[in-house]
Amino acid sequence: GENVEQHPSTLSVQEGDSAVIKCTYSDSASNYFPWYKQELGKGPQLIIDIRSNVGEKKDQRIAVTLNKTAKHFSLHITETQPEDSAVYFCAASIADYGQNFVFGPGTRLSVLP
Amino acid sequence: GAVVSQHPSWVICKSGTSVKIECRSLDFQATTMFWYRQFPKQSLMLMATSNEGSKATYEQGVEKDKFLINHASLTLSTLTVTSAHPEDSSFYICSAQMASGYTDTQYFGPGTRLTVL
């Protein structure tokens, strides 16, 4: 079955700096990779996703890159702000209705003012 | 768009009682919903996949007689924790997939914190 690893487990950056979180997956059949942000006591919020037919996707300060050959994908946050502080989860899935996600263990990001 | 709600947001109950948690997709139809459990500082653990009008599919190790799931309509799934015990205390989160459009994306509810005394 699919296995998703995520690094680092914790990350501290100064406000304004960039943050990068990397995930690797094991199942080459996976073709859908979402990223979720979870604030304390709340449910995960989808912030960006990428499908295997593209290598990069951007949404304002957030970008995701995908390397299908190496089976890894990364979340890039530029110009970090204190409100970016949260736990970020990556996931991998076979893009089809009813398919469940395999989540990474999460990265706790702290943006220091 | 793609809003999922959960009710209640938190509940405290005595050991031995049953607790029902509702998950609703507010602005879309969801044929498939998922139920997760999350312990502090850990990732999400899938408990079961719920399909409208059919029996839920439970993950290995999850007791289906203890965690009853009902997906009665395209916008509502319920999780009932029967005869709850302190070890059932956790953060329960549901998610829903759209019945049309981007059907592979899961949209999560805000979670329900259950504390069993």
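I will try to describe carefully the structure that is included in this document. Just so it is clear, the model here is predicted, and its values are computed rather than measured. (Residues numbered from 1 in each chain as written. Chains lettered and ligands numbered in written order. Predicted model: local features only at pLDDT ≥ 70, side-chain atom pairs only at ≥ 80, totals over all residues. Heavy atoms only, no water.)

**Regarding the sheet that holds strand β7 (residues 67-73) of chain B**
Residue and element names in this part refer to chain B.
Line of reasoning, step 1. Spatially, 4 strands are ordered β1-β3-β8-β7 in an open sheet, and the strand pairing comes out antiparallel. Each edge of the open sheet carries a strand with a single partner, namely β1 (4-7) and β7. Going across the sheet, the axis of each strand differs from the next one's by a mean of 15 degrees, ignoring polarity.
Line of reasoning, step 2. Two strands pair when backbone bridges link them, and β1 and strand β3 (residues 19-25) are joined in this way by 4 bridges, in the antiparallel orientation. Each bridged residue has a counterpart across the sheet, and for Ser5 the counterpart in β3 is Arg24. (Pairing = 2+ DSSP bridges. Helix = DSSP H or I, 4+ residues; strand = E, 2+ residues; numbered from the N terminus. Axes fitted to C-alpha atoms, helices over the stretch in contact; angles between N-to-C directions.)

**Things to note about the interface of chain A and chain B**
Line of reasoning, step 1. Each partner contributes to the interface: chain A provides 22 residues, whereas chain B provides 26 residues.
Line of reasoning, step 2. For the chain A and chain B pair, buried surface summed over both sides reaches about 1,700 Å², with 56% attributable to carbon and sulfur atoms.
Line of reasoning, step 3. Here chain A and chain B share 0 salt bridges between them.
Line of reasoning, step 4. The tally of links between chain A and chain B comes to 5 residue pairs in polar contact (both at pLDDT 80 or more).
Line of reasoning, step 5. Of the residues that constitute the side of chain A that touches chain B, the class distribution is 10 nonpolar, 7 polar and 5 charged. (Contact = heavy atoms within 4.5 Å. Buried area = accessible area lost by both parts, 1.4 Å probe. Salt bridge = Lys/Arg side-chain N within 4 Å of Asp/Glu carboxyl O. Polar contact = N/O pair within 3.5 Å; in protein donor to acceptor, adjacent residues only side chain to side chain. Nonpolar A, V, L, I, M, F, W, Y, C, P; charged D, E, K, R; others polar.)

**Overview of the packing of aromatic side chains**
The geometry of an aromatic ring pair is captured by two quantities: the separation of the ring centres and the angle between the planes.
Line of reasoning, step 1. Counted according to the given criterion, the structure contains 14 aromatic pairs over all chains.
Line of reasoning, step 2. Their ring planes at 50 degrees and their centres at 5.9 Å tell us that Tyr32 of chain A and Phe101 of chain A sit as a pair that is tilted. Of this pair, Tyr32 of chain A sits in strand β4 (residues 32-38) while Phe101 of chain A sits in the loop between β9 (86-92) and β10 (102-103), and the two are 69 residues apart along the sequence.
Line of reasoning, step 3. Judged by its relative accessible area of 4%, Phe101 of chain A is buried.
Line of reasoning, step 4. Residues Phe67 of chain B and Tyr92 of chain B carry aromatic rings whose centres are separated by 6.3 Å and whose planes lie at 45 degrees to one another, so their mutual orientation is tilted. Here Tyr92 of chain B lies in strand β9 (residues 90-97) and Phe67 of chain B lies in strand β7, a separation of 25 residues in the sequence. Of the two residues, Phe67 of chain B and Tyr92 of chain B, both sit in the buried class.
Line of reasoning, step 5. Ring-pair connections join several aromatic residues into one group, and the members of that group are Tyr32, Tyr36, Phe101 and Phe103 of chain A together with Tyr36 and Phe108 of chain B. (Phe/Tyr/Trp six-rings, centres within 6.5 Å; stacked < 30°, edge-to-face > 60°. Buried < 20%, exposed > 50% of the residue type's maximum accessible area, 1.4 Å probe, protein only.)

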